[in-house]
Amino acid sequence: MADLWQSAMDHAVAIARKAGETIREALLNDRKVTTKSSSVDLVTQTDQKVEKMIIQSVKERFPAHRFIGEESVAAGEASNLTTAPTWIIDPIDGTTNFVHAFPFVAVSIGFAVNSQVEFGVVYSCLEDKMYTARRGKGAFCNGEPLQVSDQTDVKQSIIATEFGSSRDPEVVENIFSSLRKILCIPVHGVRGAGTAAVNMCLVASGSVEAYYEIGIHVWDVAAGSLIVTEAGGVLMDVEGKNAKPWLPNTRPVGRNRDATGSNPVSQATKQIVKISKTTLIVFFFPRIAKGVDTTETVHEISVTLPRKTENHPEF
Ligand SMILES: O=P(O)(O)O[C@H]1[C@H](O)[C@@H](O)[C@H](O)[C@H](O)[C@@H]1O
Ligand SMILES: [Mg+2]
C-alpha cells in the first residue's frame, strides 16, 4: 500500500535542505540578535525568515495542513496539537550556536497526525547530516540506518544534556543538583551539542547513551522523538512507561513541588539511579512559564532508554 505521508516527508527533507542553505549563507553575514523569554533566549531574523519559508512552501503544497512553529508561537500564535496533520517546526534548533557559529545548528521538522508523529526530519546543516525517520520504517542519517547504543551499564555511558535558557536561580539550582547526581553515578562524561534535536540524533546514532533536559518545547523534540524510537530507543517517564513528549502535559507524573517539598528533578534523579541498573535516559520537563504558580504546575518527565523493551522494568 502506498505510504500516505511519503510525499509530505519528501517535501520536508527538501525544504529542510533548502532551509539549511539559507542558514549557512546567513552565517557569512552579521546576525542581528534579539531576545525572547530571557536575555539568553536568543532569536535572529534568520530564525523567522526560515520558519516563514518552510510554512509558505508547505502551505502551497498541502493547503489543509496545520503548523506549530517556534517563531510563530513566539509571535503569539497558539501551540495546539489537534488530530489534523500538523507540521511541528523549529527553524533553527540551536539559535545560540548559530549566533556564535558553534557548529551544531539544526532544522527540525516533525509531522503529527492524530497526535502521533508520522515522520521526523532533523537537518544538522553545518555538518550536512540529514536525519530522517518514518514511523515503523527506521531511522537514518544520510541514508544510513541508525541504531542506539547497546551499552547497558550507565557507568560506561555518556549522557547528553543542556543548561537551557532560564537563569532563574531555582531552575539553575535544579539543573546543577541533577547534573551533580548524574556525574557522581559516575558516568564516563556529560556532553551537549547545544540543540535538543541534535542531542536526540546523537542518542539515535549511539554516540551518547542518553539525553535529558529540563525545559524544552514540543518543536525541540517532535522530530527527534521519532528518530530516537525508530533507532531502537524509548521515551519514558519516571514511572518507566512510554511518554509522548510532543503532547504537552499528557502524562503528568509530578508537580514542581509536592507536599513534601521534593521536586521533579530530584525525583527524576532518583529514578536515574534506579534506571541505571538497566539502562537510561531522557527526560523532559516542559518549560515553566513565567508568572505561573509552580506549586500547581504539572510537569511531565520522560526517559529515553537506548534499547526498546516490550515490558519496561518496574522502577
Ligand atoms: O531555542 P532553540 O530553538 O535554539 O532551542 C533550544 C535547544 O534546543 C535546547 O536544547 C537548549 O537548551 C536551549 O533551550 C535552546 O533554546
Ligand atoms: Mg529549539
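Not measured: the values here are computed from a predicted model.

The rules we used
Residues numbered from 1 in each chain as written. Chains lettered and ligands numbered in written order. Predicted model: local features only at pLDDT ≥ 70, side-chain atom pairs only at ≥ 80, totals over all residues. Heavy atoms only, no water. Core = buried A, V, L, I, M, F, W, Y, C linked by side-chain atoms within 4.5 Å. Buried < 20%, exposed > 50% of the residue type's maximum accessible area, 1.4 Å probe, protein only. Helix = DSSP H or I, 4+ residues; strand = E, 2+ residues; numbered from the N terminus. Contact = heavy atoms within 4.5 Å. Polar contact = N/O pair within 3.5 Å; in protein donor to acceptor, adjacent residues only side chain to side chain. Axes fitted to C-alpha atoms, helices over the stretch in contact; angles between N-to-C directions. Parallel < 35°, antiparallel > 145°, perpendicular 65-115°, else oblique. Nonpolar A, V, L, I, M, F, W, Y, C, P; charged D, E, K, R; others polar. Donors = N, O, S within 2.8 Å, 3.2 Å for Na, K, Ca; no water. Salt bridge = Lys/Arg side-chain N within 4 Å of Asp/Glu carboxyl O. UniProt positions renumbered as here; feature names shortened; annotations may be inferred.

## Here's the deal with the nonpolar core
At step 1: With 30 residues, the main nonpolar core has Ile23, Ile54, Trp87, Val107, Ile109 and Phe119 as its most contacted residues.
At step 2: When residues of this core are traced back to their parent elements, those giving at least two are helix H1 (6-26), helix H2 (45-61), strand E4 (86-93), strand E5 (106-113) and strand E6 (116-124).
At step 3: The element that contributes the greatest number of residues to this core is H1, accounting for eight residues.
At step 4: The contact partners of Phe119, leaving out residues within four places of it in the chain, are Trp5, Ala8, Met9, Ala12, Trp87, Ile109, Gly110, Phe111, Ala133, Arg134 and Leu226.
At step 5: Core analysis: the second largest hydrophobic core is formed by 28 residues, Ala139, Val198, Cys201 and Ala231 among them.

## Describing helix H6 (residues 196-205)
At step 1: For H6, the buried fraction is high: eight of the ten residues fall into the buried class.
At step 2: Looking at H6, one finds that the buried residues are Ala196, Ala197, Val198, Asn199, Met200, Cys201, Val203 and Ala204.
At step 3: Measuring from the backbone nitrogen of Ala197 back to the side-chain oxygen at the start of H6 gives 3.3 Å, which picks out Thr195 as the cap.
At step 4: Note on H6: the residue one or two positions beyond its end, Gly206, has a positive phi of about 80°.

## A closer look at the packing of H6 against helix H7 (residues 218-230)
At step 1: Closest axis-to-axis distance for the H6/H7 pair is 8 Å, and the angle between their directions is 5°. Comparing their axes, H7 and H6 come out roughly parallel. Contacts between H6 and H7 pair Ala196, Ala197, Met200, Cys201, Val203 and Ala204 from the former with Asp220, Val221, Gly224, Ser225, Ile227 and Val228 from the latter.
At step 2: Classifying every residue of the contact of H6 with H7 gives nine nonpolar, two polar and one charged.

## Things to note about the side chain of Ser72
At step 1: Looking at the element boundaries, Ser72 is found in helix H3 (residues 70-74).
At step 2: Owing to a relative accessible area of 16%, Ser72 belongs among the buried residues under this scheme.
At step 3: Polar contacts involving the side chain of Ser72 include one to the side chain of Glu51, which spans 2.4 Å.
At step 4: Once you skip the residues sitting within four places of it in the chain, Ser72 turns out to touch Glu51, Ile55 and Glu77.

## Describing the side chain of Ser157
At step 1: Structurally, the position occupied by Ser157 is in the loop between strand E9 (144-145) and strand E10 (158-161).
At step 2: The class of Ser157 is buried, set by a relative accessible area of 2%.
At step 3: Setting aside anything within four residues of it in sequence, one finds Ser157 in contact with Val187, His188, Gly189 and Glu209.

## Details of the coordination of the magnesium ion (ligand 2)
At step 1: The protein atoms donating to the magnesium ion (ligand 2) are Asp90 (OD), Asp93 (OD) and Asp220 (OD), with metal-donor distances spanning 1.9 to 2.0 Å.
At step 2: In primary-sequence terms, the residues that donate to the magnesium ion (ligand 2) follow D-x2-D-x126-D. Taken together, the residues Asp90 in strand E4 and Asp220 in helix H7 connect sequence positions 130 residues apart.

## Looking at the pattern of salt bridges
At step 1: With the rule as written, the count across this model stands at eight salt bridges.
At step 2: Residue Asp3 is joined to Lys137 by a salt bridge in which the shortest nitrogen-to-oxygen separation is 3.3 Å. Of this pair, Asp3 sits in the segment before H1 while Lys137 sits in the loop between strand E7 (129-134) and strand E8 (139-141), and the two are 134 residues apart along the sequence.
At step 3: Lys129 is the salt-bridge partner of Glu127, the closest N and O atoms lying 3.7 Å from each other.
At step 4: Among the ionic contacts, a cluster of salt bridges with common partners joins Asp3, Glu118, Arg134, Arg135 and Lys137.

## Examining the UniProt feature "binding site: Mg(2+) 2" (unreviewed entry) in the protein
At step 1: The positions UniProt marks with the feature "binding site: Mg(2+) 2" (unreviewed entry) are Asp90, Asp93 and Asp220. Across 131 residues, the annotated set stays spatially compact, with a maximum C-alpha separation of 6.8 Å.
At step 2: Structurally, Asp93 is set in strand E4.
At step 3: You can call Asp93 buried: its relative accessible area is 5%.

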